[in-house]
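Results of the structural survey
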Amino acid sequence: MPRKRDVSSDDVGIEIDGDLSDSDDGATQRRTNRRQAAGRGGARARGRGKKPASEDEDEDDEEDEAPRGRRGANKKKPAKKRGGGDDDDSEDEAPKRKRGGAANKKKGGKAQDSDDEDSDAGKGKKGKKGGKKGGKDEEEDSKGKKGDSKGKDKGKDKDNDKKKKKKKDDSSSDSNSNSDEEEESMSEGEMARLMEEVEEKKKLIATIRNKPWRMKRRLTHLKEAQQFVDKFEGALGKGKGRKWYAYKVMMTKKWIKFQRDFENFRTACIPWERKIKEVESHFGSSVASYFIFLRWMYGMNLVLFGFTFGLVVIPEVLMGLPYGSIPRKTVPRAEQATAQDYSVLMDFNGYCKYSVLFYGFYNNQRTIGLLKFRLPLSYLMVGIGTFGYSLMVVIRTMAKNADVGGGDGDEGEFTFAWKMFTSWDYLIGNSETADNKYASITTSFKESIVDEQENQKDENIHLRRFLRLLANVLITCSLGGSGYLIYFVVKRSQEFASRDDLSWYEKNELEIIMSLLGLVCPPLFETIAELEDYHPRIALKWQLGRIFALFLGNLYTFLFALFDEVNTKLEEEESIKNASIWAMKEYYANYTRLLNDTESTPPPMDPSDVIRGPCWETAVGVEFVKLTVSDIQVSYLTILIGDFARAVIVRFLNYCWCWDLEAGFPSYGEFDISGNVLGLVFNQGMIWMGAFYAPGLVGINVLRLLSSMYYQCWAVMATNVPHERVFKASKSNNFYMGLLLLILFLSLLPVVYTIMTLPPSFDCGPFSGKPKMFDVIMETIELDLPAFLGTLFSYAANPGLIIPAVLLMVLAIYYLNSVSEAYQNSNMELKKKMQMARDEEKNRRNNTDSTNQVMKDLEDLLPNRSLAPPAPPEPEKGPEQEAKPTKMKPGSAGKGVNLQKDVALASPNPNVRGPVNRAPGPRGPGGMPGPGPGPGPGPGRGRGRGRGRGPPPR
Amino acid sequence: MGNKQTIFTDEQLDAYQVRHLQLHGRYHELAPHLVPMDYTKDPDCKLPLALIVNMPELKENPFRNRIVESFSEDGMGNLSFNEFVDMFSVLSEMAPRELKAIYAFKIYDFNVDNYLCKEDLEKTLNKLTKEELTPEEVELVCQKAIEEADLDGDNKLSFADFENMITRAPDFLR
């Protein structure tokens, strides 16, 4: 504090903006005298502090004192330097000013609160206080006011807004007094310095927001810093661009907001996201994973549906021959009587069978309609494209999931801590949402707890291994048993097929056995799996795999029966084909004979009377459609009875029952993840296989998935209870996807086989009359494409080309595989390293105390220079003031500028750091780094200080 | 280069002031009889916790009482307008992570000892889950959480621990 005077003189140097000065001047008349500034009014006063104290104006000084005092306190350092020698004020000025500026900002504001009140009337005044001019320069100081005025204006507005704190602003600005001359001489060095200071301010502003201060304090600082920045912006001439910048910033903000809104919108557009989240919050991610899978499936089927209907069904409906025009599009006369019966329609016979839904309805005309749409070609392409697209999508999704997932569960070091501290969403303002959030947080905790318990479990590993082995043996046995049973039953049914004297059981033996197996085995597997005691997530995978194997038996029998049927139909067809042709000929013969008129062309035979083949493709299609529909019925009924009825009974009979139904035996159902997932997967297999023979099947499936989404969501929320051990699903649904891929491959085989080898029916479907279905492609190549393309294709089909291609692919696979393995290894390595680094850090922190002690001792041993410096400054007071007057402004300005520039480069931020050093840092009392450039302070600080000290010697 | 940032600050400040006005409206609404419309004279009035936690922004928050308490100077949840503004500025999305971390720490520090100890965690957890977890589970979770985040081995979380942990959280201030 002693130094007030000196300090004040230094402080001077804080700039001001000229803009407002004019208007203010009027208000602040007292200063008018000093105001030569008129000239400068327009210019921005960047001239910071050249002017030392001007003692001329008493009033100013008075006002200044308070602030100065404070400032002085803050800046002992600058003061000290001063002491050194004022001859070269310019040299010192830069640092001082900086410090002074900082100090002003901080202290000035508060200090002056009181002052301001008084001086409010004349706002301009404060500016003056700062300005003390060295001998010659005295006149100039008045500029200071402008700054004030600005500050005040702002301050006032705010005041009106009920912020009193703002007042400080004024004060901050006041402290500055300016010399105008500098404006003109604004050199690069000054610019740099200004930039630097602005930079500092910015830093301050940025950090202010991070300071856990009370609002009052924060506002004060913020205001001051902002003001400073404002002014300098002007001083630097960047003000011109201001509007543009403001506009840009505003647009950035708007853009960010827009992006966020858009993100929200996109989330809102994800179908069923809310439903699934709701399920997830109550039942855990494992159940939700089923619904996500279902949604994905729906999306994929929608695309398939688009292809099939867009390229096959719709063109046929719009441009193809209408119903009843040709035999294949007409119900045979024998069936017409019952063709509209409900039971017949439900079996997809009658009108259903002869509709666009099935293969047989399509004509083999090469092109249809005005557009010359090549329907047969399109039909084949869509059939193959369905598989192609599905394969692509499944594999791509798997790859993407693998990318994202990283795997099961562990997401790093802070699972629980993160869950605990960051899981609540502070934006929730709706009680229902809040309830969901509570549920989901609880669920997620439970999931993690299960994981954790699993990790902590350590028991007899040998026993565990033995049990797991045993369980696998048991399950393999039962799988083998059921496999044999199926094989046996299928064989028997083939025998039965040739006999007529069958009992009801013998007729339905296959179905009965199959459904019995499906009913008994899954629970059996689950029971056996108890032995293994896996984590539920892994157990689910095993369970899925086992049931999948069981269901494959189902698929096998079904396909077996189907191929049997197809073969008989094919044989049958041969004879009918002849009969049909013969009948046709006979018809014409009869016609001519009866009419005795060979010339006239006979009218075509009534389409319904034509004898036709069995059309095995349609039969297969009907088979698949029936299966799908019955599957839908069964699964919906199961939910209705098994879950809903059970829940209702348990809920309401509980009031009048002899034991607790809810807690005891029937209880509520749990959601059967494995069953549902497999149901979905196998259903999709049916669709893939059937879609070629029944284009309508895809549409049915889309409806089914859509309805089951809503239905199952409702059922789960209404009738099920969460699993006992809620577990977290692996992030990627890749296991489901893997099953799907397997099924896709399995269903691909029979379809491709039929397309490539079986002859299509002679009288129905788009390929009738051709020896093989894919002949359509050959035909197109020959007829529609230029000849050279045909030769090209024949070359491409050459084994000599294909075999090397296959080899190449195998090599590529091998290469990629080994590369991915290598990556995996390095991944593991990195993970290990991270873990190690973390442990190390932990250790280090644990040891901080001891190391700290060592550091302290070290610091104690350093020469304590902080004691020395305080002395010198005082004496300098006098000299300083004297010195200032002697300075020549212009000259010094030039010098100062250069020096300052250097300084600026050297110490980017002395202002802010200065005070920090002084405060007893964490380093402790002994090491007081204060003056010493050596030990404590970082380079920046050290230099700042070093520079500070520099002057005194002079 | 400094330019953008400086102006940005301006902008923020402006937003700040606008928000103050709105906020004052909100503040006034909470207790029209207590809060004067005219704040130029800086009246000294405080709103009790009970009024503030009923704001829709806080109503559903399990930590609402703690939030308000940690922003009040007296620790009892009485907020002056300044503190009220403070609270909203910290809770706003413009607030930087570091600041949020500091206040989050304060909020979770139920017994105001500048450490998150086990009791704090238990309270936090019970509020988060509406006490749906069994005591053993709570115990396990708290134990694990401390184990994970405690770097200096004192069995409670200091702010350094907390900050280190929370600034890496993917969910924290997305």
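Position numbers for residues start from 1 in each chain and track the written sequence from start to end. Here chains are named by letter from A upward and ligands by number from 1 upward, in the order in which they appear as written. With pLDDT at 70 or above as the cut-off, local features in this predicted model cover only qualifying residues; side-chain atom pairs require 80 or more to be listed or tallied, and sums for whole chains, interfaces and linings still use all residues. Computation of side-chain values: all heavy atoms of the structure, hydrogens and water removed.

**Observations regarding the overall build of chain A**
Secondary structure follows DSSP: runs of H or I at least 4 residues long count as helices, runs of E at least 2 residues long count as strands, and numbering of each begins at the N terminus. Check the secondary structure of chain A and you find 35 helices and two strands. Using a 1.4 Å probe on the protein chains alone, a residue whose accessible area is under 20% of its type maximum counts as buried, one over 50% counts as exposed, and one in between counts as partly exposed. Taken across its 954 residues, chain A has 47% of its residues classed as buried. Contacts in chain A between residues at least 24 apart in sequence constitute 81% of all its contacts with a sequence separation of at least 6. Accessible surface for chain A amounts to roughly 45,800 Å². Of this, 63% is attributable to carbon and sulfur atoms. Here a residue-residue contact requires only that any non-hydrogen atoms of the pair lie within 4.5 Å. A 1.4 Å probe and the Shrake-Rupley method give the accessible areas. Residues count as covered only by the protein chains that appear here.

**Structural notes on helix H4 (residues 64-71) of chain B**
What H4 of chain B keeps buried is the set Arg66, Ile67, Val68, Ser70 and Phe71 of chain B. In this structure, the buried residues of H4 of chain B make contact with helix H2 (49-52), helix H3 (56-59), strand E2 (79-80), helix H5 (81-91) and helix H6 (97-108) of chain B.

**A closer look at the pattern of salt bridges**
Each salt bridge in this description consists of a side-chain nitrogen of Lys or Arg and a carboxyl oxygen of Asp or Glu lying within 4 Å of one another. Evaluated as defined, the whole model comprises 14 salt bridges over all chains. Residues lysine 144 of chain B and glutamate 452 of chain A are paired through a salt bridge, measuring 3.3 Å at the closest nitrogen-oxygen approach. With lysine 144 of chain B in helix H8 (residues 135-149) and glutamate 452 of chain A in helix H20 (residues 431-456), the pair connects residues from two separate chains. Note on accessibility: lysine 144 of chain B and glutamate 452 of chain A belong to one class, buried. Ionic pairing is found between arginine 704 of chain A and aspartate 631 of chain A, a salt bridge with its closest N-O pair at 3.1 Å. Here aspartate 631 of chain A lies in helix H24 (residues 616-653) and arginine 704 of chain A lies in helix H26 (residues 696-719), a separation of 73 residues in the sequence. Linked through salt bridges whose partners overlap, the residues forming this network are Arg366, Arg374 and Asp784 of chain A.

**As for the packing of helix H25 (residues 673-691) of chain A against helix H27 (residues 734-757) of chain A**
Residue and element names in this part refer to chain A. Each axis is a line fitted through C-alpha atoms, taken for helices only over the stretch in contact, and angles between the N-to-C directions span 0 to 180 degrees. H27 packs onto H25 with a crossing angle of 30° between their chain directions and a minimal axis gap of 9 Å. Looking at the two axes, H25 sits roughly parallel to H27. Every pair of crossing elements has a handedness; the one defined by H25 and H27 is right-handed. Facing H25, whose interface residues are Ile673, Val677, Leu678, Val681, Phe682, Gln684, Gly685, Trp688 and Met689, H27 presents Tyr736, Leu739, Leu740, Ile743, Leu744, Ser747, Pro750 and Val751. We call two directions roughly parallel when the angle between them is under 35 degrees, roughly antiparallel when it is over 145, roughly perpendicular when it lies between 65 and 115, and oblique otherwise. Working rule for handedness: look at the near helix, and if it is turned counterclockwise from the far one by less than a right angle, call the crossing left-handed; if clockwise, right-handed.

**As for the UniProt feature "domain: EF-hand" (unreviewed entry) in chain B**
UniProt positions are given in the numbering used here, feature names are shortened, and annotations may be inferred rather than shown by experiment. Within the UniProt annotation, "domain: EF-hand" (unreviewed entry) is assigned to residues 96-131 and 137-172 of chain B. The span residues 96-131 of chain B is 67% helical and 0% strand by assignment, and the distance between its end C-alpha atoms comes to 32 Å.

**Concerning unusual backbone geometry**
You will see that tryptophan 272 of chain A, though not glycine, has its phi angle at about 65°, which is positive. Position of tryptophan 272 of chain A relative to the elements: it lies in the loop between helix H13 (242-269) and helix H14 (273-283). Its relative accessible area of 12% is what places tryptophan 272 of chain A among the buried residues. Unlike most non-glycine residues, asparagine 114 of chain B shows phi in positive territory, near 65°. For asparagine 114 of chain B, the position within the fold is in the loop between H6 and helix H7 (118-129).

**Focus: the state of the cysteines**
All names here are of chain A. Here, two cysteine sulfur atoms that lie within 2.5 Å of each other are counted as a disulfide. Counting across every chain of the model gives one disulfide over all chains. A sulfur-sulfur distance of 1.8 Å marks the disulfide that ties cysteine 615 to cysteine 764. Because the torsion about its S-S bond is 95°, the bridge between cysteine 615 and cysteine 764 counts as right-handed. Taken as a pair, cysteine 615 in the loop between helix H23 (536-595) and H24 and cysteine 764 in the loop between H27 and helix H28 (775-784) lie far apart in primary sequence, 149 residues in all. Given the relative accessible area of 8%, cysteine 615 is considered buried.

**So, the environment of alanine 539 of chain A**
All names here are of chain A. Turning to its location among the elements, alanine 539 is positioned in helix H23. Residue alanine 539 is classed as partly exposed on the basis of its relative accessible area, which comes to 24%. Considering only alpha carbons, one finds alanine 539 and glutamate 526, 13 residues apart in sequence, at a separation of 8.8 Å.

**Notes on the environment of tyrosine 484 of chain A**
Inspection of the secondary structure assignment puts tyrosine 484 of chain A in helix H21 (residues 461-497). By relative accessible area, which is 54% here, tyrosine 484 of chain A ends up exposed.

**Focus: the side chain of arginine 704 of chain A**
The class for arginine 704 of chain A is buried, based on a relative accessible area of 9%. In this view, arginine 704 of chain A contacts Thr628, Asp631, Ile632, Ser635, Tyr636 and Asn683 of chain A; residues no more than four positions away in its chain are not counted.

**Observations regarding the nonpolar core**
Phe291, Phe293 and Phe692 of chain A are the most contacted members of the largest nonpolar core, which has 98 residues in total. Counting residues per element, this core draws most heavily on helix H15 (residues 285-319) of chain A, which supplies 13 residues. Setting aside its immediate chain neighbours within four residues, phenylalanine 692 of chain A contacts Tyr359, Tyr379, Leu380, Gly383, Val751, Ile755, Phe767 and Met773 of chain A. If you look at the next biggest cluster of nonpolar residues, it comprises 58 residues, including Phe421 of chain A together with Leu47, Met87 and Phe88 of chain B. Among buried residues, the Ala, Val, Leu, Ile, Met, Phe, Trp, Tyr and Cys ones that are joined through side-chain atoms within 4.5 Å form a nonpolar core.

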